[in-house]
Amino acid sequence: MASSSSSSLSRVVVKSSDNNLFVVNKKVASQSQLLKQCIDNMEEKGTNDVILIPLSNVTSNILTLVLEYCEKHADFADDDNNNQELKQWDHEFLKKFDYATLNSLTMAADYMVTKSLLNLCCQFIADSIKDLTVQQIRQIFDIKNDFTPQEEADIKNENAWAFR
Amino acid sequence: MTKALNSINSNLKGYKLEPLLLPSKQTVVNIDSLSEAILISILSLLPTKVASRLSVISKRWRHLWTGVTAVELKLEQLLYCIIKSCFKLVCNHKVEEIQVTSASFIVPRCIFQCETLVNLDLNRRKSFRPHSNANKIMSIAGNS
């Protein structure tokens, strides 16, 4: 933990893109490098006001999830012995979400610079698309195939080793 | 503003959703809306063969897989000279970590001359003779 002087605040207020306010414990907020940087900057200025951090890219339903993750990980921040329990929790945490939520969560983790959550989301998405066919991926994620059949065949030829 | 927030601050223990204003608008977000950097991290976690197959998804995905930061290849029944040139290629591309899982594998010399290599894992490989001490971590797990 960073050193905390007597004047520093124990909580910050985070505002979601849809203008909901979240009061967040500083230790929890520090799981996000973006929030941590904001807090550090404000503390350097020696402010005694409540710090309000607006997040213009994160909606409140997604922010709730990111903060749930940060809170859990802040609890475990000081001890490595419970890694297994935390991993289990991570898995159960992500398992609940549909792809749309998972993708929004991934973007939020990237924006808020919560690296461990970003890695976790990427791994989860990779695991879930690993065994899908290209057609299935297009269907599930509603991606339009903008290749002509000829172009698609050319790419397959070019990387023939991968399609064998 | 500060006063209002102070009262919220003193009333709540941890974080809590304050449904003060408009409910959030639910927008559909799919994998295609992720940034290229994130998509490349996802592709890097897949076997390289799978990642390269995804180049036919759409034009946006066409070259994404060529940016992967990890390469996982299965080299089957290849001549030693081909394996050697594969390793030479990765060593020239500033590789930091190499893992080999093969029972019979002659370690090409270029691996030991690779200056960027930090982690060399010759899993199941029992004996070899390093040519340089540039490697910082080496793990040899013998399966007898």
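About the thresholds
- Residues numbered from 1 in each chain as written.
- Chains lettered and ligands numbered in written order.
- Predicted model: local features only at pLDDT ≥ 70, side-chain atom pairs only at ≥ 80, totals over all residues.
- Heavy atoms only, no water.
- Helix = DSSP H or I, 4+ residues; strand = E, 2+ residues; numbered from the N terminus.
- Buried < 20%, exposed > 50% of the residue type's maximum accessible area, 1.4 Å probe, protein only.
- Pairing = 2+ DSSP bridges.
- Arc of directions from axis to C-beta.
- Contact = heavy atoms within 4.5 Å.
- Salt bridge = Lys/Arg side-chain N within 4 Å of Asp/Glu carboxyl O.
- Core = buried A, V, L, I, M, F, W, Y, C linked by side-chain atoms within 4.5 Å.
- pLDDT = per-residue confidence, 0-100.
- Phe/Tyr/Trp six-rings, centres within 6.5 Å; stacked < 30°, edge-to-face > 60°.

**A look at the overall build of chain B**
Along the backbone of chain B there are 5 helices and 3 strands. With 144 residues in all, chain B has 34% of them scored as buried.

**Re the pairing of strand E1 (residues 11-15) of chain A**
Residues and elements named next belong to chain A. Where E1 and strand E2 (residues 21-25) come together, 5 bridges link them in antiparallel fashion. The partner of arginine 11 across the bridge, within E2, is asparagine 25. What sits between E1 and E2 in their antiparallel hairpin is a turn of 5 residues, with asparagine 19 showing a positive phi close to 65°. Note: E1 against strand E3 (residues 52-54), 3 bridges, orientation parallel. The residue bridging valine 13 from the neighbouring strand is leucine 52, located in E3.

**Some details on helix H7 (residues 134-141) of chain A**
Considered for burial, the residues of H7(A) that qualify are A:Val134, A:Ile137, A:Arg138 and A:Phe141. All buried residues of H7(A) project into a common sector of 100° when viewed along the axis, lining one side. Of the surrounding elements, those touching the buried residues of H7(A) are helix H5 (99-111), helix H6 (115-129) and helix H8 (149-158) of chain A together with helix H3 (48-53) of chain B. Residue A:Asp142 follows H7(A) closely and has a positive phi angle near 55°.

**Remarks on the pattern of salt bridges**
Proximity of charged atoms lets side chains of opposite charge pair with each other. Within this structure, the stated rule accounts for 8 salt bridges over all chains. The shortest N-O distance in the salt bridge between A:Glu92 and A:Lys95 comes to 3.5 Å. A residue pair is termed a helical-turn pair when its members lie 3 or 4 positions apart in one helix, as A:Glu92 and A:Lys95 do in helix H4 (residues 83-95) at 3 residues. By relative accessible area, which is 48% here, A:Lys95 ends up partly exposed. A salt bridge links B:Asp32 to B:Arg60; the nearest nitrogen and oxygen atoms lie 3.6 Å apart. With B:Asp32 in the loop between helix H1 (2-11) and helix H2 (36-44) and B:Arg60 in the loop between H3 and helix H4 (80-92), this residue pair connects regions lying 28 residues apart in the sequence. Judged by relative accessible area, which is 24%, B:Asp32 ranks as partly exposed. Note on B:Arg60: relative accessible area 29%, which makes it partly exposed. Connected through salt bridges with shared partners, the residues A:Arg138, A:Glu152 and A:Lys156 form a single ionic network.

**Points about the nonpolar core**
Of all hydrophobic cores here, the largest spans 58 residues; its most connected members are A:Leu105, B:Leu43, B:Leu54 and B:Trp61. Counting residues in hydrophobic clusters, the runner-up holds 14 residues, among them B:Ile83, B:Val100, B:Cys114 and B:Leu122.

**Let's talk about the confidence of the model for chain B**
All names here are of chain B. Averaged over every residue, the pLDDT of chain B is 71; residues scoring 70 or more account for 60%. Within chain B, the element-level pLDDT minimum falls on H1, averaging 46, and the maximum on H2, averaging 94. In the model, residues 6-14 has pLDDT below 50 throughout and makes 11 contacts with residues more than four positions away in sequence or in other chains. Across residues 129-134, where pLDDT falls below 50, the model places 7 contacts with residues more than four positions away in sequence or in other chains.

**Quick notes on the packing of aromatic side chains**
Residues and elements named next belong to chain A. Counting across every chain of the model gives 6 aromatic pairs over all chains. On the numbers, 6.4 Å between centres and 45° between planes, the contact of tyrosine 69 with tryptophan 89 is tilted. Here tyrosine 69 is found in helix H3 (residues 60-75), whereas its partner tryptophan 89 is found in helix H4, with 20 residues between them in sequence. On the basis of relative accessibility, which here comes to 0%, the residue tyrosine 69 falls in the buried class. Here the aromatic rings of tyrosine 99 and phenylalanine 141 are separated by 4.8 Å at their centres, their planes lie at 70°, and the arrangement is edge-to-face. In this pair, tyrosine 99 is assigned in helix H5 and phenylalanine 141 in helix H7, connecting sequence segments 42 residues apart.

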